Structures are given as structure tokens and as C-alpha cells.
Amino acid sequence: MAENVDYNEIVKDHFFNPRNVGEIKDADGVGTVGNPTCGDIMTIYIKIKDNKIDEIKFKTFGCAAAIASTSMATEMVKGKTLEEAEKLTRADVANELGGLPAVKMHCSNLAADALKKAIEDYRNKKKK
Ligand code: FES
């Protein structure tokens with residue numbers, strides 16, 4: 001998708017130097033979501049230790065805002081308990097980024113949604 005929107009410096013930093021990009025091969029939980037607005041895809045991998053997010057990585061076919069917001073989201077939830085992490089909303093992420101252009105708010109959904117799915121996946125695996 002063309003990127004002719006104005007991003008602030010924090011967003012640009014997280015887009016050009018995204019934190020926690022990659023894949024965790026032996027992840028405890030994996031969550032993938034698609035964005036119905038644009039068709040982009042996000043996957044988040046988590047490792048859990050003592051009910052906390054010990055490690056988190058993401059891979060995406062997404063736009064600059066999706067990359068920046070997921071980079072920020074992974075930093076925000078690292079070390080948090082699962083209960084704290086699943087409370088993360090797209091508004092929390094956008095605020096921490098110093099705001100996103102209105103047309104790009106939907107992109108920040110991917111991070112929170114994929115994280116929730118990864119936590120759900122971890123809990124389902126644990127039940128078995
Ligand atoms: Fe698809 Fe941003 S345009 S996630």
C-alpha cells in the first residue's frame with residue numbers, strides 16, 4: 001500500500017529499526033491475524049516463563065504503521081504477565097507511539113489482536 005502519510009519520529013524509528021522482528025521456532029504460543037481493511041497479515045510468537053512474556057517476536061506482511069505499532073507493542077508487553085499483556089489495546093499502542101494518522105489506526109489492530117491470539121494459543125496448548 002502506498003505510504004504517503006505523515007508519521008512522527010517515534011513511529012519512523014520503530015519502522016526503520018523495528019524491535020523483536022523474527023520468529024521463535026519453539027514458541028509456546030503463536031497468533032496470526034489478517035487485517036480485513038487491507039489484507040495485511042501479522043504473526044506474533046511468544047515464549048512464556050512464570051506466567052510472563054519472556055520472549056516475543058513478530059513477522060508481518062504489513063505497512064509501516066503495522067510494523068511500527070507491533071514493534072512498540074512487543075516492547076510494551078515484554079516481561080508482563082499474560083493478564084497484563086492481554087489488556088493491551090490499539091489505543092495504548094498508538095498513544096505510546098505519540099499518535100498515528102487517523103487513516104492508519106486500523107493498522108495498529110494487528111498487534112493487539114495477534115498478541116491475544118498467541119496468548120489464547122498458549123493457553124489451549126497448556127490445557128492439552
Ligand atoms: Fe494494512 Fe496498515 S495498511 S496494516
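In what follows, the structure referred to is the one given above.
Residues numbered from 1 in each chain as written. Predicted model: local features only at pLDDT ≥ 70, side-chain atom pairs only at ≥ 80, totals over all residues. Heavy atoms only, no water.

J.: Explain the packing of aromatic side chains to me, please; I cannot follow it from the model alone.
T.: According to the stated counting rule, one finds one aromatic pair in the structure shown. A centroid spacing of 5.0 Å and a plane angle of 50° characterise the contact between F15 and F16, whose relative ring orientation is tilted. Looking at F15, the relative accessible area reads 30%, which means it is partly exposed. Overall, the relative accessible area of 60% leaves F16 in the exposed class. (Phe/Tyr/Trp six-rings, centres within 6.5 Å; stacked < 30°, edge-to-face > 60°. Buried < 20%, exposed > 50% of the residue type's maximum accessible area, 1.4 Å probe, protein only.)

J.: Please clarify how the pattern of salt bridges should be interpreted in this entry.
T.: Here the idea is simple: oppositely charged side chains can pair when their charged atoms come close. Overall, the coordinates contain nine salt bridges when judged by the stated rule. Where K125 meets D121, a salt bridge forms, and the shortest distance between an N and an O atom there is 3.0 Å. With a gap of four residues between them, K125 and D121 both fall in helix 5 (residues 109-127), about one helical turn apart. The exposure class assigned to K125 is partly exposed, which follows from its relative accessible area of 42%. (Salt bridge = Lys/Arg side-chain N within 4 Å of Asp/Glu carboxyl O. Helix = DSSP H or I, 4+ residues; strand = E, 2+ residues; numbered from the N terminus.)

J.: Is there a simple way to explain the sheet that holds strand 3 (residues 52-61) in this structure?
T.: The strands that make up a sheet pair up through hydrogen bonds in the backbone, lying either parallel or antiparallel. Spatial strand order, 1-2-3: three strands in an open sheet with antiparallel pairing. Each of the sheet's edge strands pairs with one partner strand only, and the pair in question is strand 1 (29-34) and strand 3. Neighbour-to-neighbour, the strand axes of the sheet open up by a mean angle of 15°, direction not taken into account. Here helix 2 (residues 64-77) sits on the sheet and contacts strand 2 (41-49) and strand 3; the angle it forms with strand 3, its principal contact strand, is near 175°. Relative to strand 1, helix 5 is tilted by about 140°, and along the sheet it contacts strand 1, strand 2 and strand 3. (Pairing = 2+ DSSP bridges. Axes fitted to C-alpha atoms, helices over the stretch in contact; angles between N-to-C directions. Contact = heavy atoms within 4.5 Å.)

Bear in mind that shape data such as this cannot, by itself, settle questions of function.
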